[in-house]
Amino acid sequence: MDLDTVREVVLARERADLALVGPGSAVLAGGTFLYSEPHDHLDRLVDITTLGWPSLTATPAGLEIAATCTLAEFAGARPGRELGTATLRPDWPGTALFAPACRALLASHKIWRTATVGGNVCLSLPAGAVLGALVALDAVAVVWPRGGGERRIPLREFVTGPGENVLATGAVVRSFLVPTASLMAHASFRKIALAPLGRSGAVVMGRRMADGRCAITVTAATERPVVLDFDSVPKEFELTDALSEIEPSLWFDDPHGAPDWRRHVTGLLAAEVAAELRATP
């Protein structure tokens with residue numbers, strides 16, 4: 001899609017260049033959404049891929065994922081593998097959520113090499129499976145506000161509705177921090193769609209921590225990611241009770257699935273996720 005109202009493309013080289021992000025402008029990372037439909041209100045794009053951020057960086061606290069990390073790089077992050085400046089520790093089974101999250105998206109491998117993790121999160125769509133994977137791993141978004149400084153926002157609090165989030169005008173997401181404890185957790189993934197290559201109708205991810213605590217994350221089926229926390233891997237009746245407490249208005253309704261169907265299949269997938277976590281040594 002040609003964006004014929006855009007008059008300027010700024011190649012950001014330093015943080016000061018991000019001051020141009022604001023009304024009438026948009027951040028360009030992968031651009032797969034920007035170039036997919038008209039955006040007549042835009043007259044400037046600020047390209048952040050020229051900032052040279054390392055896609056993946058291993059730190060003592062965990063893994064830092066740049067907003068400009070491509071889906072291909074994200075999906076390729078596996079325990080023990082060396083990627084750029086990051087060597088992923090072999091005791092990080094939580095990274096097993098990365099690749100299936102990318103496969104849950106309705107996108108080709110060509111798109112994977114262009115689309116970015118930051119773009120998927122900031123779009124904040126219900127079917128944003130990469131967003132869901134990072135929420136499931138208790139990730140935190142590092143945000144650069146327009147006026148300077150830095151904010152850290154837990155991703156489970158980032159999205160407020162379909163296509164809506166707490167990101168202020170002019171703010172730019174720098175990266176996502178996944179804590180070591182979550183990376184060391186055992187993880188499970190389930191997805192269903194009405195068509196083999198269709199948009200996800202429900203995605204459920206589970207995380208079992210070393211101390212036994214468990215989190216079940218629901219996305220695609222709900223308007224925003226929903227995290228259910230438990231002291232241990234939940235039994236079926238505990239899951240049923242927790243899912244029944246999700247506000248009825250949160251179940252998403254679009255041509256890819258009706259709310260009652262999404263609610264039903266989410267229960268089935270959540271039970272499978274819990275069973276797998278319970279059986280994992």
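Since we're looking at a predicted model, the values are computed, not measured.

(A) Geometry of the nonpolar core. Among the nonpolar cores identified, the biggest contains 59 residues, and I65, F74, V117, L134 and L155 are the most heavily contacted of them. Mapped onto this core, the elements with two or more residues apiece are β5 (62–66), α1 (71–75), α2 (98–103), α4 (117–123), α5 (129–136), β8 (140–144), β12 (172–179) and β14 (200–208). By residue number, the principal contributor to this core is α5, which donates 7 residues. Among residues more than four places away in sequence, those in contact with F74 are I65, C69, F98, C102, V117, V130 and L134.

(B) Layout of the sheet that holds strand β2 (residues 25–28). With parallel pairing, the 3 strands of this open sheet are ordered in space as β1-β3-β2. Edge positions in the sheet fall to β1 (8–11) and β2, since each has one partner strand and no second. This sheet shows a mean twist of 20° between the axes of neighbouring strands, independent of strand direction. One ladder, built from 4 bridges, connects β2 with strand β3 (residues 44–47); its direction is parallel. Along β3, the bridge assignment pairs L28 with D47.

(C) Representation of the side chain of S25 within the structure. With respect to the helices and strands, S25 occurs in strand β2. For S25, a relative accessible area of 11% corresponds to the buried category. Within the local environment of S25, its side chain forms a polar contact with the backbone oxygen of L20, the two atoms lying 3.2 Å apart. Contact partners of S25, with chain neighbours within four places excluded, come to L20, L42 and R44.

(D) A look at helix α7 (residues 236–244). Along α7, the residues classified as buried are L239, A242 and L243. All buried residues of α7 lie within an arc of 95° about the axis, which places them on one face of the element. α7 presents F237 and S244 as exposed residues on the side facing more than 90 degrees away from its buried surface. In the core, the buried residues of α7 are packed alongside β15 (214–219), β16 (226–230) and α8 (259–279).

(E) Up close: the packing of aromatic side chains. Throughout the structure, instances matching the rule amount to 2 aromatic pairs. An angle of 20° between the planes, with centres 4.2 Å apart, marks the rings of F74 and F98 as stacked. With F74 in helix α1 and F98 in helix α2, this residue pair connects regions lying 24 residues apart in the sequence. Grouping residues by exposure puts F74 and F98 together as buried.

(F) Here's a closer look at the pattern of salt bridges. As enumerated under the stated definition, the model contains 8 salt bridges in all. Across the pair E150 and R152 runs a salt bridge whose closest N-O atoms are separated by 3.2 Å. Note that D229 is salt-bridged to R156, the shortest N-O span being 3.0 Å. Placement of D229 in strand β16 and of R156 in the loop between β9 (151–154) and β10 (159–161) is noted, with a sequence separation of 73 residues between them. The exposure class assigned to R156 is partly exposed, which follows from its relative accessible area of 30%. Residues participating in the shared-partner salt-bridge network are D138, R156 and D229.

(G) View of the sheet that holds β12. The strand order β4-β5-β12-β8-β9 describes an open sheet built from 5 strands, whose pairing is antiparallel. The open sheet is flanked by β4 (56–59) and β9, the only strands paired with a single partner. Pairs of neighbouring strands in the sheet enclose a mean axial angle of 25°, with direction left out of account. In this sheet, β12 lies alongside β5 in antiparallel orientation, the contact comprising 5 bridges. When the sheet's bridge partners are listed, G62 is paired in β12 with P179.

Calculation notes
- Throughout this description, residue numbers start from 1 for each chain and increase along the sequence as written.
- Two thresholds apply to this predicted model, a pLDDT of at least 70 for residue-level local features and 80 or more for giving and counting side-chain atom pairs, whereas whole-chain, interface and lining totals are computed over all residues.
- Only hydrogens and water are set aside; all other atoms, that is, all heavy atoms of the structure, feed into the side-chain values.
- Buried residues of nine kinds, namely Ala, Val, Leu, Ile, Met, Phe, Trp, Tyr and Cys, make up a nonpolar core once their side-chain atoms join them within 4.5 Å.
- Buried means the residue's accessible area, taken with a 1.4 Å probe over protein chains only, is under 20% of the maximum for its type, while exposed means over 50%, and partly exposed covers the values in between.
- Helix and strand assignments follow DSSP, with helices taken as H or I runs no shorter than four residues and strands as E runs no shorter than two, numbered in order from the N terminus.
- Contacts are assigned to residue pairs that have any heavy atoms within 4.5 Å of one another.
- By the convention used here, strands pair only if DSSP detects at least 2 bridges between them.
- An axis is simply a line fitted to the C-alpha atoms; with a helix, the fit covers only the stretch in contact. Between two such axes, the angle follows the N-to-C directions and lies from 0 to 180 degrees.
- N or O atoms closer than or at 3.5 Å make up a polar contact, with two conditions inside protein: a donor-capable atom paired with an acceptor-capable one, and, for residues adjacent in sequence, both atoms drawn from side chains.
- The reported arc concerns the directions from the helix axis to the C-beta atoms and nothing else.
- Aromatic rings from Phe, Tyr and Trp, taking only the six-membered ring of Trp, are treated as a pair when their centres fall within 6.5 Å; an angle between ring planes under 30 degrees marks them as stacked, one over 60 as edge-to-face, and anything in between as tilted.
- Take a side-chain nitrogen of Lys or Arg and a carboxyl oxygen of Asp or Glu: if they are within 4 Å of each other, that pair is a salt bridge.

From the geometry alone we can't say anything about function, so treat these as descriptive.
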